[in-house]
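Summary of the model geometry
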Amino acid sequence: MNPSPLGGDISRVDGRAKTTGVARYSADYMEPGLVHAVLVSATIGLGRIIAMEVDAAQRAPGVLAVYTPFAPVRLQPVAAGALGENYRPLQDREVRFFGQAIGVVVADSFEHARDAAAMIAADYQSRTPRTSLADAGRGVSIATPDSGNKTVLEPGVASIDAALRDSEVTIETTVTQPAQHAAAMEPHASVAVWRDNGLVLYAGTQFPARAIAGITGALGLKPAQLRIISSYVGGGFGSRVLPWSDVVLGAAVARELNRPVKLILNRAQVFSVVGHRSAVRQRVRLGARADGTLTAVSHESDAEAPAVGGWPLRAAAETTAALYRTPNLHVDQRHVVLDTPPTWAMRAPNEAPGAFAIETAMDELAVATGVDPMELRLRNYATTLPGTNRRWTSKRLDECYRVGADRFGWEGRRPTPATNRDGRWLIGTGMATAIYPAAGRSGNAVSVRFRDDGTVLASTGVVDIGTGAATALAIVVADAAGLPMDRVVTEVGDTILPSGPGAVGSRATGSMAPTARAATRAAIDNLIRAASRNPGSPLTGSVAPISYAAGILRAGNERLGFADLLRTLRMSEINAVQTNEDTISPQFAAHGFGAHFCEVRVNSLTGETRVSRFTTVVDVGRVINAKAARSQVVGGVIFGIGHALLEADPIEPSGRLAAANLADYVVPVNADVPFVDAVCLDGDDPDFSDVGARGVGELGTVGSAAAIGNAVFNATGIRVRDLPIHPEMLLR
Ligand code: MOS
C-alpha cells in the first residue's frame with residue numbers, strides 16, 4: 001500500500017511552475033495580432049461629462065480606436081437584481097464615482113495606449129458626492145430574507161433595550177474601520193480573443209459560473225459562447241469573484257475591432273474599478289450577569305453601500321448571531337448609500353469586521369467583570385446555534401481555546417493593563433474567537449481518468465487562487481486511488497472542464513473533496529467492470545471477485561496494474577464524472593472555529609505596535625493538506641495584522657481614494673509578521689461530508705484583528721475602537 005497523502009504536509013503540485021516562472025497569469029498570454037487597451041478614469045466623484053477632448057489621443061502614434069460615452073462600445077444593460085455593479089461604463093455620461101471608466105484607448109502597444117489615454121481630458125458638471133460614513137449617520141436596515149437581521153427575546157422580555165437595561169453588567173462599544181482593499185499582488189488583467197462566434201477570455205476569476213453569467217450578460221452572449229481560462233491567479237481575496245467593468249470593456253472592444261485585446265489595470269485603477277471592503281461602523285451592546293454570563297447581545301452595523309452597487313456587508317449574521325449562548329439577541333445590519341467606488345467581498349467580508357466588533361466587546365466585558373477572557377468565552381459557549389436548536393455537524397472550539405492557551409502560555413497572564421514592561425516596550429496579551437460559516441457547499445463536478453501511462457488525471461473547473469485547490473484535488477484523488485501523489489495529474493482553472501466550485505467563502509476544497517473521492521471510486525468501479533467483462537481482459541472469467549487497491553486489480557492470485565489492463569484492452573483511459581450538489585442536512589449548522597492568542601509590544605515613546613507572538617488553533621474538520629492549511633491560517637493572521645494596525649484607504653471629500661497605491665495602502669510585510677504558531681486540530685466531520693473537510697480559507701482572519709486590539713489594551717490600558725490602531729492613538 002502507498003501511504004495516503006491525506007492530511008500530510010504536501011507541497012503544491014504547481015509550486016515548481018510558480019517559482020520557475022513557467023506559470024502563466026492572465027496578462028502573460030499572447031495572441032497573434034494582439035492589441036492593448038487602457039482605461040481612462042474619471043477625475044471627479046459625482047456628476048456628468050459635458051465634453052471630452054480626444055483628438056490628440058486619436059492622432060497619437062499607434063492608436064487604433066478611442067471609445068468614450070460620446071463614441072461608445074455597446075453593452076447590454078445590467079440584469080435586474082444582479083449582485084455587483086448596477087451600471088455599465090460608457091453607456092451614458094454620468095460619473096458615479098471617482099475613478100470610474102469613462103474611456104478606452106486601444107493601440108498597437110501598451111505604451112502607445114497608455115500615453116494616448118493620458119492625453120484625454122474631460123469637462124464635467126460636478127456635484128458633491130456623499131463620501132463620509134460618519135456624516136451619513138444611521139443607515140437603512142437590510143430587508144432581504146437572508147439578511148440575518150433578527151430579534152430573539154426570552155418570554156416576558158419586551159425589547160432588547162429592556163433586556164440590556166435589566167442586566168447586571170452592560171457594555172456598549174462602537175468600533176469603526178475605513179475602506180480596505182483586497183490588494184492582490186496580480187493586478188486585474190484580461191486577454192479577450194474572439195473566435196468562431198465565441199469568446200475565449202484569459203482572466204483571473206474565483207467563481208467561473210458567476211463570471212460566465214456576468215460577462216455573457218454584458219455582451220449578449222449565450223453561456224456556451226464563453227470560455228474563461230484562469231490557469232494561475234495572483235490572489236483573489238474576494239476581488240475576483242465577479243468580473244469588473246475592465247473585463248467587460250476589453251472583451252467588447254475586442255469584438256468591435258475584431259482583434260485580440262489585452263487590458264491591464266494600473267495599480268490605482270485596481271483600487272477604484274475593483275470593489276473594496278465597505279467602511280463600517282458597528283455598535284455592540286452586551287448585557288451580562290456579574291459572573292459574565294451573557295443575558296443580552298445586540299450588534300448593529302452601518303456599512304458603506306455605494307449607489308453603484310456592491311457587496312451587502314452583514315457584519316453580525318455569521319459572527320455575533322452564531323457565536324455565544326444568549327437568551328436575548330438583536331442583530332440590525334444597515335446600509336448607508338454613498339457615491340463611492342463599488343464595494344465587494346474581501347477576506348472574510350462580513351466576518352472579519354463583525355468579529356472585531358463582538359470580540360472587542362467581549363474583551364471589554366471580561367475587563368468589566370474581572371473574568372479571564374478565555375473563561376468568559378467558555379462560560380458563554382454555545383452548543384446550539386443561538387436562538388435555535390440546531391447543533392453543529394462538529395464543534396471543537398473549546399478544544400481550540402485550551403490547546404491554544406496551552407501552546408501560547410495564556411495562564412499566568414497579567415490581567416491588569418499596562419503592568420508588563422520591558423524597558424521602553426509595554427507588553428500585552430489578548431485573545432479572540434474565530435468563526436466562519438461552512439454550511440453552503442458549492443455545486444461542482446469532477447472527472448477522474450485512469451490512463452494507460454499509469455497516471456490518473458483529475459479535472460474540475462475550480463480556480464486555484466493561490467490556496468492550493470489543485471493540490472487538494474490531487475491529494476483526495478491520490479488517497480481514493482491508493483496512489484502516490486506523483487501519479488496524479490490535475491487540470492483546473494478552465495470553464496471547458498467539468499464545472500468547478502466557486503473559490504469563494506472558504507468552500508472550494510470542502511465542496512470538491514467529496515465529489516473527487518466519489519469520482520475516483522466510480523472510475524475504479526469502471527476499471528473493475530472492464531477487467532471482469534471485457535473479452536480482452538486477462539481477468540475475464542475469473543471465479544474470484546476482482547478488487548482494486550493501490551493501482552492494482554486483483555483476482556485470486558492474479559494481479560494486474562491498471563495501465564497494463566488499459567494497454568491490453570487497447571483503451572487509452574477509463575473514467576468517471578461525478579456531480580455533487582449536496583448540502584448538509586438542515587438540522588445542522590456548520591462553521592469553522594478557532595482561537596487566537598496574541599502578544600504585542602507597544603513602544604512607549606513612539607506608540608509603535610509590534611505583534612511579537614501569535615498562536616491560532618482552528619477546528620476545520622478533516623485537514624486535507626496540513627501544510628497548505630497552516631499556510632492559510634498564517635495568511636489569515638497576517639490579514640489580521642493589516643486589519644488591526646495598517647490597512648486604510650481614506651476617501652477624500654472629492655470621492656478620491658487617498659491611498660490608491662501599494663505605497664500608501666499599507667499591508668503587512670515580513671518584518672511586521674512574527675512566527676505564527678498555527679495549528680489545525682486533527683479531525684473528521686462525517687455529518688458535514690463523506691470526506692469531513694469543512695474548509696480553512698478565511699477562518700484565520702476572523703478575530704485576529706480583535707486579538708491584536710485586545711492585546712494592545714492589555715499592554716497600554718488604551719482601548720482603540722477606530723481601526724487601524726495608529727501610533728498616535730497610543731501616545732495619550
Ligand atoms: Mo471570499 S471574500 O469569499 O472570496
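This section reports on the structure supplied with the text. Here the structure is a predicted model, which is why all the values come from computation and not from measurement.

Further remarks concern the pattern of salt bridges. On inspection of all chains with the given rule, the structure shows 38 salt bridges. Across the salt bridge formed by Glu-186 and Arg-240, the nearest N and O atoms sit 3.6 Å from each other. Here the residue Glu-186 occupies a position in the loop between strand 10 (169-177) and strand 11 (189-195), and Arg-240 occupies one in the loop between strand 13 (226-229) and helix 7 (245-257), the gap between them amounting to 54 residues. Residue classification places Glu-186 among the buried residues on the basis of a relative accessible area of 11%. We classify Arg-240 as buried; its relative accessible area is 2%. As a salt-bridge pair, Asp-619 and Arg-694 come within 3.0 Å of each other at their nearest N and O atoms. Of this pair, Asp-619 sits in strand 31 (residues 609-619) while Arg-694 sits in the loop between strand 32 (676-680) and helix 17 (704-716), and the two are 75 residues apart along the sequence. Both residues of the pair, Asp-619 and Arg-694, belong to the buried class. Through salt bridges with shared partners, a single ionic network connects Arg-138, Asp-161, Glu-172, Arg-281, Arg-283, Arg-285, Glu-300, Asp-302, Asp-332 and Arg-334.

Time to look at the sheet that holds strand 3 (residues 63-67). Strand order in this open sheet of seven strands is 3-6-1-14-11-12-13, and the pairing throughout is mixed. One side of each edge strand has no neighbouring strand; the edge strands of this open sheet are strand 3 and strand 13. Sheet twist, expressed as the average angle between the axes of neighbouring strands with direction ignored, equals 20°. Two strands pair when backbone bridges link them, and strand 11 and strand 12 (residues 198-203) are joined in this way by six bridges, in the antiparallel orientation. Residue pairing in the sheet places Ser-190 in a bridge with Ala-203 of strand 12. Of the strands in this sheet, strand 1 (35-41), strand 3 and strand 6 (101-107) are in contact with helix 3 (residues 110-117), which crosses strand 1 at around 25°. Contacts from helix 6 (residues 208-219) reach strand 11, strand 12 and strand 13 within the one sheet, and its direction differs from that of strand 13 by about 135°.

Our next topic: the environment of Arg-93. Along the chain, Arg-93 falls in the loop between strand 4 (84-85) and strand 5 (94-95). With relative accessibility at 29%, the residue Arg-93 sits in the partly exposed group. Taking the C-alpha atoms as reference points, Arg-93 and Gly-47, separated by 46 residues in sequence, lie 8.6 Å from one another. In this structure Arg-93 touches Gly-47, Arg-48, Ile-49, Ile-50, Pro-69 and Phe-70, once residues within four positions along its chain are discounted.

This paragraph deals with the packing of helix 6 against helix 7. Interaxial distance between helix 6 and helix 7 falls to 10 Å at its minimum, and their mutual angle equals 45°. By the angle between their axes, helix 6 is oblique relative to helix 7. The two elements helix 6 and helix 7 cross, and the hand of that crossing is right-handed. Contacts from Ile-215, Ala-218 and Leu-219 of helix 6 reach helix 7 at Val-247, Val-248, Ala-251, Ala-252 and Arg-255. Residue composition of the contact of helix 6 with helix 7, by class: seven nonpolar, no polar and one charged.

It is worth spelling out the pairing of strand 31 at this point. Each regular strand displays side chains that alternate between the two surfaces of the sheet. In terms of burial, strand 31 is largely enclosed, as eight of its eleven residues are buried. Across ten bridges, the pairing between strand 30 (residues 591-603) and strand 31 is antiparallel. Looking across to strand 31, one finds that Cys-598 is bridged to Phe-614. Counting the residues that bridge the hairpin from strand 30 to strand 31 gives five residues, and of these Gly-607 lies at a positive phi of roughly 80°. Alignment of strand 31 against strand 32, held across five bridges, turns out to be parallel. The residue of strand 32 that forms the bridge with Thr-615 is Asp-677. After leaving strand 31, the chain enters helix 16 (residues 626-646) and then returns to the sheet as strand 32, a path that is right-handed.

All chains considered together, the criterion is met by four cavities of 30 Å³ or more. By volume, the largest cavity is sized at about 110 Å³. In this structure, the largest cavity is lined by 14 residues; those nearest its centre are Ala-203, Gly-204, Leu-242, Pro-243 and Val-247. Elements that contribute at least two residues to the lining of the largest cavity include exactly helix 6 and helix 7. Within the lining of the largest cavity, the residues separate by chemical class into nine nonpolar, three polar and two charged. Roughly 90 Å³ of internal volume is contained in the second largest cavity. Every residue lining the second largest cavity is listed: His-181, Ala-182, Ala-183, Ala-184, Glu-186, His-188, Ser-239, Val-270, Phe-271, Val-274 and Gly-275.

This brings us to the environment of Ala-503. One can find Ala-503 in the loop between strand 24 (488-491) and helix 14 (508-533). Taking relative accessible area as the criterion, Ala-503 reaches 11% and is therefore assigned buried. Residues Ala-503 and Ser-442 lie 61 residues apart in sequence; the distance between their C-alpha atoms is 9.0 Å. Excluding residues that lie within four positions of it along the chain, Ala-503 makes contacts with Gln-206, Val-463, Ile-465 and Ala-508.

It is worth spelling out the pairing of strand 12 at this point. Burial analysis of strand 12 places six of its six residues in the buried class, which makes it a mostly covered element. Neither face of strand 12 is open: one carries Gly-198, Val-200 and Tyr-202, the other Leu-199, Leu-201 and Ala-203, and all of them are buried. What sits between strand 11 and strand 12 in their antiparallel hairpin is a turn of two residues, with Asp-196 showing a positive phi close to 50°. Summarising the sheet, strand 12 and strand 13 pair through four bridges and their orientation is parallel. Bridge pairing links Leu-199 to Leu-226 in strand 13. Where the polypeptide runs from strand 12 across helix 6 and back to strand 13, its parallel neighbour, the crossover connection is right-handed.

Helix length check: helix 10 (residues 351-369), at 19 residues, gives a terminal C-alpha distance of 26 Å against a target of 27 Å (1.5 Å per residue), a fit within 8%. Buried residues dominate helix 10, accounting for 17 of its 19 residues. Trailing helix 10 by a residue or two, Gly-370 shows a phi angle of about 70°, which is positive.

On to the side chain of Ser-239, then. Counting through the fold element by element, Ser-239 comes out in the loop between strand 13 and helix 7. On the basis of relative accessible area, Ser-239 is assigned to the buried category, the value being 3%. Polar contacts involving the side chain of Ser-239 include one to the side chain of His-188, which spans 3.2 Å. A polar atom in the side chain of Ser-239 sits 2.8 Å from the backbone oxygen of Gly-236. Sequence-distant contacts of Ser-239, that is, excluding residues within four places in its chain, are made with Ala-182, Ala-184, His-188, Gln-206, Trp-244, Val-274 and Ala-345.

Procedures and definitions
- Residues numbered from 1 in each chain as written.
- Predicted model: local features only at pLDDT ≥ 70, side-chain atom pairs only at ≥ 80, totals over all residues.
- Heavy atoms only, no water.
- Salt bridge = Lys/Arg side-chain N within 4 Å of Asp/Glu carboxyl O.
- Helix = DSSP H or I, 4+ residues; strand = E, 2+ residues; numbered from the N terminus.
- Buried < 20%, exposed > 50% of the residue type's maximum accessible area, 1.4 Å probe, protein only.
- Pairing = 2+ DSSP bridges.
- Axes fitted to C-alpha atoms, helices over the stretch in contact; angles between N-to-C directions.
- Contact = heavy atoms within 4.5 Å.
- Parallel < 35°, antiparallel > 145°, perpendicular 65-115°, else oblique.
- Left-handed = near helix turned anticlockwise from the far one by under 90°.
- Nonpolar A, V, L, I, M, F, W, Y, C, P; charged D, E, K, R; others polar.
- Right-handed = clockwise from strand over helix to strand, strands pointing away.
- 1 Å grid on protein atoms, 1.4 Å probe; cavity = no way out; pocket = protein on both sides within 12 Å on 5 of 7 lines; lining within 4 Å.
- Points joined across faces, edges and corners; volume = space filled by probe spheres on them.
- Expected span 1.5 Å × (residues − 1).
- Polar contact = N/O pair within 3.5 Å; in protein donor to acceptor, adjacent residues only side chain to side chain.

In short, the description is geometric, and any link to function would need to be established separately.
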